[in-house]
Amino acid sequence: MKVRAQMGMVMNLDKCIGCHTCSVTCKNVWTNRRGTEYVWFNNVETKPGRGYPVDYEDQSKWNGGWELDRKGRLKLKAGGSLKKLANIFYNPDLPDLDDYYDPWTYDYDKLISSPSSDQQPVARPKSQVTGKNLDLQWGPNWEDDLAGSAEHAAFDPNFKNIQEEVRQGFEDTFMIYLPRICEHCINPSCVASCPSGAMYKREEDGIVLVDQEACRSWRFCVSGCPYKKVYFNWNTGKAEKCNFCFPRIEAGMPTICSETCVGRLRHLGVVLIDTDRVEAAASVADEKDLLDAQLDLMLDPDDPEVRAQALRDGIPSDWLDAASNSPVYAMAKKWRIALPLHPEYRTLPMVWYVPPLSPLESVGAGLIREGGDEENIFAAIDQMRIPIDYLASILAAGDTAPVRLSLERLVAMRRYMRDVNLGDPVRPEIASEAGMEPHELEEMFRMVAIADYDDRYVIPQRHGEVSRDAFVDQGSCGIDFANGAPVPGMGEMTGFDDPDPYGGALACASNGTAAPESGALAVEEPDPDFDIRNLLSRHGGPRPLKEGGDA
Amino acid sequence: MNVLAAGTLSVAAYSVLPYVALAVGIGGLIWRKKTDRFGWTARSTELLESRVLRYASVLFHFGVLAAIGGHVLGILIPQSWTEAIGLSEEAYHVLAVVGGISAGFAVVVGFAALMYRRVRFPRVRVTTTRMDVVTFVVLGVAIATGMLATLINIPDTVHYRESVAPYFRQIFILDPEPSLMEGVNWVFQTHVIVVWFLYALWPFSRLIHAFTVPVGYIWRSPIVYRPRGGRSGARTGTYGSGAPDYSPSIPSSRTSRPKTSEKAAQPH
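Residues numbered from 1 in each chain as written. Chains lettered and ligands numbered in written order. Predicted model: local features only at pLDDT ≥ 70, side-chain atom pairs only at ≥ 80, totals over all residues. Heavy atoms only, no water.

**Focus on helix α1 (residues 8-35) of chain B**
Residue and element names in this part refer to chain B.
In step 1: The sharpest bend along α1 comes to roughly 35°, located at leucine 17, with the proline proline 18 sitting one to four residues further on.
In step 2: Where α1 is concerned, the buried positions are Ser10, Val11, Ala13, Tyr14, Ser15, Leu17, Pro18, Ala21, Gly25, Gly28, Arg32 and Thr35.
In step 3: Elements that come into contact with the buried residues of α1 comprise α7 (164-172), α8 (179-182) and α9 (186-201). (Bend = angle between axes of the 7 residues up to and from the residue. Helix = DSSP H or I, 4+ residues; strand = E, 2+ residues; numbered from the N terminus. Buried < 20%, exposed > 50% of the residue type's maximum accessible area, 1.4 Å probe, protein only. Contact = heavy atoms within 4.5 Å.)

Next comes the structure, spelled out in structure tokens:
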């Protein structure tokens, strides 16, 4: 047993209203730069739908993630290292920019600067890459709230495995919101795909990062990730990805997407992982056993043996306490109401989802209120507006049993708490029917319904005092790496008309530092006479890549 | 000193230039490695355009690899060695012409297609830097003269293995003999000179990605773990804790800082 701490997230889809606040705050913090206009570390998809990038879930097309070879050994679906090196000049599995979308803004200036004429001036969409006019055919959230689903939704790869007739008639329409970030997998295929070894999992918290200095633009991480959550910055020629807001996490603060979530549906916590058994867990023969195998990797933080080993492996004791109170451990393993996204990719993802129950209520409302018997509850779950098979193909490799268990427990919680809140006699049998204890249902209620800030986010701070000399971190500015993080003004067309599109990025250079990696808070000794950005072939500095006029 | 036997121009082109180019090239490589790991990238544009790249890039790169192999065989390995293993001069020439033309053809077509793509597709065009343009010009001339040299030598009239090849080997053993290059066909001369410029340009251009072929990937463990702030295979620590030093590639700039504060001070 080798114990490592791993950060994880649970999103309660029951509460997601699809407001995109998480996406917008994330975008403003991390990807509001030239080269990353099309990049959303966090995006919210409406399912059914094709997703972002288009059909990313269809691994027969993209070859992301892992599979077992004929001998049952784990291997990258896109092929081993020799095949990768042979394909290094052209990666056959790489999505095109148009598979995401061509990012655009509008020439708003036309609205006020046009000379008077008979027609209203129009702000036309302009590509943020080339500055040219665009004829918009696809974009971020093109399918929001099922827009165009009559045309697109049937292509949703999750329908492939559903036996029953796809319910897409108007009266059968259903939808769920699916917010997605990097899964920070326990067995990340992007890391294994990187020829340079630039991608890595942090030993301390399992966050998956790209070393911006070691990335050489081979781009196999982009295609290797089955969730398509590693992106290619076409300006710097480097991979970038959701970094779990590690500067905030290290300070004990939730990620920006969690912090700003209006529905308070995100939960953050630490789980303890037995890293010795990761490969075995990812290699189980039946895809439907992957969930249990992954849960088995997540060690009980209250087990004295586990705690002793964790301490021996260098995990600080306050991290163990955090693991004991972890909402991720509770929801995923103790109560089994949270499920991983597409476990069949064998990456052992660490962003979990509580399946949505809300549509059930319309069918099963009477049952919850009047207290139908157990059989009726089962029947109601089968009549859910969202087909359980559909949820199972997203969250459980097609196995309906764990989805059903989760939904049953969520219903049981509501039935039980209804009695409690109305002062009716409590029925412990509701809990036992769902395989739980009454106090567990109450704890669960507190977690998912009350969802206090301190219950949602149990984030131990990093131990800077033991890991390194803090003095060298003085004045470093975590989010200012490479060609700079935030660019002035949301929606501004960076690189066009702006003589210094990176001006905002350099704002924190005034303290004399700039961290080069979307990784650790970097350390540096400033050399006043040297500025690589003004030299040579790359642009990260004050000069824009190319003036808009040429494009 | 064979240098004395040659004319001044010849010495400059065939003795001084090579060492300057090698010094700049090797020095530049070390300097870039020390100061600009962030800029060390292939700067792929596959995301922006993949249909032409699919054929152009593969043709170009494999063609270049074959051409480099051919140069090693023809330039670095002395004629006497190949004859010693039973490869007659005639047989070598057939091999060189057939191999050279096919590799050269792949390079020329691939390069032309890549250039077409860079001009034709605005998305790719916007990623083109000034240094890229310089690189493409020098590389283009090197490729054109190389291809031409192969073609004009089909009748086996140049006998470069008795002139150009020894000239290179003399350079590498630090005993330059520029006179070897004097009587050679002008296409070969141009090719040689341009390539010296290319070597000097190499570390400062996007060509630098050729020095990071990730062969280590073949033996590496699939999942990479690293401590926070740590760095595998990098410089060792100089700071108090003994933790690996994570020095940045991009030192902050005093030159851009005043500009920033001016900008920040401007009312919008």
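Back to the write-up after that little detour.
**Considering the pairing of strand β10 (residues 230-233) of chain A**
All names here are of chain A.
In step 1: Along β10, one buried face is formed by Val230 and Phe232 and the opposite face, lined by Tyr231 and Asn233, is buried too.
In step 2: The pairing of β10 with strand β11 (residues 238-241) spans four bridges and is antiparallel. For valine 230, the partnering residue across the bridge sits in β11 and is lysine 241. (Pairing = 2+ DSSP bridges.)

**Considerations on the environment of proline 140 of chain A**
Residues and elements named next belong to chain A.
In step 1: On the secondary structure map, proline 140 appears in the loop between β6 (125-127) and α6 (149-152).
In step 2: In sequence terms proline 140 and tyrosine 52 are 88 residues apart; their C-alpha atoms lie 7.4 Å from each other.
In step 3: Excluding its chain neighbours within four sequence positions, the residues that come into contact with proline 140 are Trp40, Tyr101 and Trp104.

**Re the environment of aspartate 205 of chain A**
All names here are of chain A.
In step 1: Within the secondary structure layout, aspartate 205 lies in the loop between β8 (199-202) and β9 (208-210).
In step 2: Given a relative accessible area of 4%, aspartate 205 falls into the buried group.
In step 3: When the C-alpha atoms of aspartate 205 and glutamate 250 are compared, they prove to be 9.3 Å apart, with 45 residues separating the residues in sequence.
In step 4: With sequence-adjacent residues up to four places away left out, aspartate 205 is seen in contact with Ala5, Gln6, Met7 and Trp319.

**Focus: the pattern of salt bridges**
Residues and elements named next belong to chain A.
In step 1: Summed over the entire model, instances satisfying the criterion amount to 32 salt bridges over all chains.
In step 2: We note a salt bridge from aspartate 296 to arginine 277, for which the minimum N-O separation is 2.9 Å. A residue pair is termed long-range when its members are at least 10 positions apart, and aspartate 296 in helix α12 (residues 290-297) and arginine 277 in the loop between β12 (266-274) and α11 (278-282) qualify at 19 residues.
In step 3: Connected via shared salt-bridge partners are Arg202, Asp205, Glu250 and Arg462. (Salt bridge = Lys/Arg side-chain N within 4 Å of Asp/Glu carboxyl O.)

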